[in-house]
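For reference, the chains in residue letters:
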Amino acid sequence: MKTKKKLSETIYDKFSIDFLRNQVLKNAYGNDDTVIAKLDPRILLVWYLFIGLVPWFVDDIWFLMACFLLVMVTTKLARVAGLVLLLFVVGVFTQTGYLFVVSLFFGGDASTVIPLLILTLKVATCSLASITVFSGLDPDRLSNGLMWYGCPERLSFSISYAYRILPMLMEEFQNILLSYRLRGNPPASGTLVGNVRYLCYQVNIVMHSFYPLMLNTAKRSRTTVEALEIKGYRYAAVNREVKKMKLSTLKVTYTDLLFLAVSFLWIALSVLASALF
Amino acid sequence: MNIIEIENLTFSYPAAGKPILNNISLQVERGDFLAIVGNNGCGKSTFCKVLNGLIPHFISGDFEGKVLVDGLNTLESDVGTLACKAGYVYQDFENQIVRPTVLDDASFACLNYAMPDYRERGKEALTLCGLYGREDDYICQLSGGQTHLLALAGAVSLRPDILILDEPIAQLDPGHADRIYGVLRTLNEKHGKTIIVIEHHTEYIADYCKHVMLMREGGVAWKLPVREALRRVEELRECNIFPPQVTLAAHQMQREKRIPAQRPLPTTVQEGKEAFCHLSYHAAARRDKVRQTAGKAVVSFEHVSVSYRSVKGTDRVVFDGLDLEICRGDRLALIGSNGAGKSTMMKLMVGLLRPETGTVMLDGEDVRKQKPEELSQKISLVYQNPEEMFIKDTVAADIAYAMQARNIKDYTKRTERLLDRFHLTDFKDRDGRLLSGGQMRRASLAIGVALHPGILLLDEPTANLDIATRKEIMRTLSEMEEITETVVIATHDMQLVCEWANRIVVLCGGKVIADGTRDEIFKDRTVAKTAGIRPPEIFSMGQVLDNRALCYTVDEFLQGFREV
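K.L.:
Explanation requested: the environment of Glu 274 of chain B in the structure shown.
P.N.:
Residue and element names in this part refer to chain B. Inspection of the secondary structure assignment puts Glu 274 in helix α13 (residues 269-275). Overall, Glu 274 belongs to the exposed group, with 10 C-beta atoms counted inside 10 Å. Put simply, Glu 274 and Leu 545 are 271 residues apart on the chain and 9.5 Å apart in space, counted from C-alpha to C-alpha.

Written out as structure tokens, the structure reads:
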């Protein structure tokens with residue numbers, strides 16, 4: 001009983017807003033010194049295009065396994081935060097688990113596992129590749145890479161600006177939630193009905209908290225808009241010279257080539273293996 | 001040579017009845033360090049936005065007259081050209097930082113204006129602003145003071161001849177404030193920049209500025225050399241500007257004919273030393289503020305340790321084995337530099353944070369074991385940023401929220417009473433966010449006391465307020481004694497501490513390094529030095545004259561020092 005209580009307490013603690021905030025920030029800021037973060041964003045985007053798309057059109061188990069192992073390694077290298085990985089595992093598992101149950105219900109048997117496994121591998125590979133690229137890359141490098149491929153400047157600015165205000169927004173959101181918690185009066189929990197009502201109350205509060213958050217953000221954006229004008233953001237958007245200067249920081253190094261070569265070799269080996277066996 | 005020349009400038013916002021800037025003519029010399037003072041809403045910020053061309057190019061309105069900035073007519077040049085002449089740092093400077101990393105933000109403007117050496121310029125600006133070595137850090141890793149320096153670096157990187165800062169030290173502890181002004185002084189003296197600050201703290205004006213400009217109802221009342229300006233005590237006070245305490249004391253003595261009328265008033269402690277040299281200290285009449293009786297402990301910290309998970313590297317330890325008791329009837333001031341753990345301590349007391357080891361007891365019971373609805377009857381926290389307390393769309397609804405949630409029957413009546421007590425009835429149907437600084441703060445106090453908590457915690461209740469509003473808040477604080485028995489305030493405002501508190505707790509490095517009355521705290525200079533706190537100016541004045549003198553207010557100084 002005591003350990004159970006302790007366990008529920010630690011779980012509760014783990015999922016405090018503070019923890020969520022820390023995980024999100026860790027994901028955004030905490031891994032800029034990894035191998036993946038140092039890669040050239042253009043190379044990584046090409047790599048992502050391949051790993052994210054090709055598996056959908058291939059049913060060869062060897063190939064899919066190889067891709068999956070590859071993205072597992074890159075995810076490990078990118079040092080992705082635990083919460084993101086947990087969400088990934090839960091997401092993928094519920095997808096297949098649910099399909100498996102449905103298939104059993106309609107008269108399937110163990111042989112249904114194989115096609116499901118293939119589908120799972122496809123989904124998992126694709127998700128992990130996305131996680132590697134979008135959480136492993138520094139926001140600024142990611143947006144520069146996108147810009148090189150011709151995405152509008154505004155999009156790339158928005159991405160890096162989002163990363164700038166993320167910590168501020170999360171802190172403010174946390175404080176507004178605390179306001180509700182301090183002044184509100186949650187329904188008693190303990191019984192089943194009570195717990196459900198308590199949960200509904202909490203969800204309700206989280207939704208309500210967005211309203212003050214929006215208004216506060218609108219208030220502070222007045223300064224930001226003026227500051228952007230002073231800092232010449234509007235001039236830069238129409239100046240091709242600026243784009244060239246920004247992109248001149250991108251450089252393909254030996255590490256990038258090595259990364260591509262290793263990935264290529266690994267995939268080639270898997271194709272070879274599937275041809276042989 | 002004049003770097004700014006203004007002739008007959010009049011400006012009004014669209015749909016505003018009367019002009020916010022009214023017929024201003026002014027010259028500012030190159031290399032000046034100018035302080036702009038004036039009432040809230042007298043047009044100081046608007047005036048500064050005229051100088052960098054935001055008005056009339058970005059913010060429209062009726063614009064008349066001529067403004068020349070370094071020879072350029074602002075009407076004929078665009079914001080980009082003017083930004084390279086005059087840099088601007090906002091009061092809410094966090095919102096002007098738009099990039100995720102330090103060097104990126106410092107060089108952002110230069111990149112936008114397509115300067116090929118943008119990185120070098122960014123680095124140079126960071127070095128000038130004392131942020132050398134932090135180039136690759138993320139903004140969220142900087143402290144408040146460093147963030148401000150970064151905002152300044154972002155402006156400096158364009159190498160403008162003029163730098164304009166709107167209330168640069170409003171939220172900073174004295175250590176950080178000195179650093180900002182130190183940087184400004186170097187930029188002014190070594191690099192020949194013209195600096196314009198909007199500032200309420202006259203002590204800093206006396207120490208750093210060369211000229212002072214007083215604005216009154218949209219016009220320039222006068223612009224004078226700093227000493228002369230600060231000696232115009234009456235005029236300044238009419239505009240809610242409070243001259244340095246030393247000047248105030250001397251002014252009062254002059255009126256009582258205790259120092260000769262023709263003698264110029266001192267504006268700094270150094271000058272005061274001469275002006276007051278004929279006085280000597282008589283300790284007889286004074287008494288220290290004491291707690292009548294140390295009441296029962298209402299909050300106690302027992303070996304509390306807390307650390308924050310950090311994004312990178314090791315966790316930051318805030319408290320390590322903290323022990324403290326807060327008793328009924330305490331008017332306790334928590335002081336210490338930025339990041340010493342004042343806010344953390346308050347969050348522990350309301351159970352929002354969980355200590356890693358140790359317990360926080362409230363009324364003899366672990367805070368974490370008490371239900372929130374019981375807790376909020378006993379203790380209440382008012383945030384530093386009032387906007388985060390407004391969760392409903394009118395002030396009245398916000399005050400009523402907690403009472404409504406608890407089905408208190410006469411909550412409408414109680415809300416009305418609170419609105420009345422905090423002078424908020426006139427704007428009870430407005431959104432709290434749209435009120436002025438002082439009104440917002442009063443509204444947040446009203447929300448905080450709505451449930452009649454036994455203990456009230458206030459985080460920086462006087463930050464960002466001009467002196468008049470500050471006095472108003474202090475009056476409200478003393479009125480609140482009827483509602484709550486125990487009040488804890490975390491603050492940098494030493495005048496507030498000395499006038500209001502009966503117990504002071506100094507936090508430094510995660511420990512309580514001193515705990516006692518104001519005499520016990522300020523007599524010991526090592527405490528102030530280690531914790532980075534500074535007593536009110538008049539206290540330092542008294543100490544310079546006689547080290548037995550412990551005067552915390554101008555009145556105490558006037559009584560304590562007499563002619564031989």
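Structure shown, so let's carry the discussion forward.
K.L.:
How should the domain arrangement of chain A be read in this particular structure?
P.N.:
Interfaces are often sized by the accessible area lost when the parts come together. All names here are of chain A. Annotation of chain A at the domain level lists domain 1 (1-30 + 138-238) and domain 2 (33-137 + 252-271). Each of domain 1 and domain 2 has a C-alpha centre, and the two are 28 Å apart. Of all elements in the fold, only α2 (17-29) and α8 (139-148) reach the threshold of two or more residues within the side of domain 1 that touches domain 2. No other element matches α8, which puts five residues into the side of domain 1 that touches domain 2.

K.L.:
What exactly am I supposed to notice about the confidence of the model for chain B here?
P.N.:
All names here are of chain B. In the predicted model, chain B carries a mean pLDDT of 87, and 97% of its residues have values of at least 70. Mean pLDDT per element in chain B: helix α15 (residues 372-378) is the minimum at 77, and strand β8 (residues 194-198) is the maximum at 95. Across the assembled chains, the prediction reports ipTM 0.82 with pTM 0.84.

K.L.:
I tried to follow the sheet that holds strand β21 (residues 511-516) of chain B on my own but got confused; where do I start?
P.N.:
In sheet architecture, strand pairing relies on hydrogen bonds along the backbone and comes in two forms, parallel and antiparallel. All names here are of chain B. Sheet architecture is open: six strands sit in the order β17-β18-β19-β14-β20-β21, paired in mixed fashion. Two strands close off the open sheet at either side, each with one partner strand: β17 (379-382) and β21. The sheet shows a mean angle of 15° between the axes of neighbouring strands, direction not considered. Relative to strand β19 (residues 486-490), strand β14 (residues 331-335) is paired through four bridges, and the arrangement is parallel. From the neighbouring strand, Arg 331 faces β19, where its bridge partner is Val 487.

K.L.:
I'm lost on the pairing of strand β18 (residues 455-459) of chain B in this one. Help?
P.N.:
Two faces belong to every sheet, and in a regular strand the side chains alternate between them. Residues and elements named next belong to chain B. In terms of residue burial, β18 counts as a mostly covered element, since five of its five residues are buried. Residues of β18 alternate between two faces, with Ile 455, Leu 457 and Asp 459 on one and Leu 456 and Leu 458 on the opposite face, all of them buried. In this structure, β17 lies alongside β18, joined through four bridges in parallel fashion. Bridge pairing in β18 places Val 382 opposite Leu 458. Summarising the sheet, β18 and β19 pair through five bridges and their orientation is parallel. Bridge pairing links Leu 457 to Val 488 in β19. At this point the chain moves from β18, through helix α19 (residues 467-479), to the parallel β19, and the crossover so formed is right-handed.

K.L.:
Could you clarify how one ought to interpret the interface of chain B and chain A in this entry?
P.N.:
Each side of the interface is counted separately: chain B has 46 residues, and chain A has 48 residues. When contributions to the side of chain B that touches chain A are tallied by element, the ones reaching two or more residues are α3 (79-83), α5 (108-112), α15 and α16 (395-405) of chain B. Of the residues forming the side of chain B that touches chain A, the biggest block, four residues, is contributed by α5 of chain B. Residue classes in the side of chain B that touches chain A are distributed as 28 nonpolar, six polar and twelve charged.

Calculation notes
- Every chain's residues receive numbers from 1 upward, in the order its sequence appears when written.
- To read the labels, note that chains go from A and ligands from 1, taken in the order they are written.
- Side-chain atom pairs in this predicted model are given and counted only at pLDDT of 80 or more, local residue features only at pLDDT of at least 70, and totals for whole chains, interfaces and linings cover all residues.
- Secondary structure elements follow DSSP: runs of H or I of four or more residues count as helices, runs of E of two or more count as strands, with numbering from the N terminus.
- Put simply, a residue is buried when 20 or more other C-beta atoms lie within 10 Å of its own C-beta and exposed when 12 or fewer do; between those, it is partly exposed, and each C-beta is set from the backbone.
- Where each domain starts and ends follows an automatic or database-derived domain assignment.
- The predictor attaches a confidence to each residue, and that confidence, scored 0 to 100, is pLDDT.
- Whether two strands pair depends on DSSP finding at least two bridges between them.
- The axes used here are C-alpha line fits, helices contributing only the stretch in contact, and every angle between their N-to-C directions lies in the interval 0 to 180 degrees.
- When the strands point away from the viewer, a crossover counts as right-handed if the path from the first strand over the helix to the second runs clockwise.
- Each residue is represented by a C-beta atom placed from its backbone, and any two residues with such atoms within 7 Å are regarded as in contact.
- Each residue receives one of three labels: charged for Asp, Glu, Lys and Arg, nonpolar for Ala, Val, Leu, Ile, Met, Phe, Trp, Tyr, Cys and Pro, and polar for the others, Gly being one of them.

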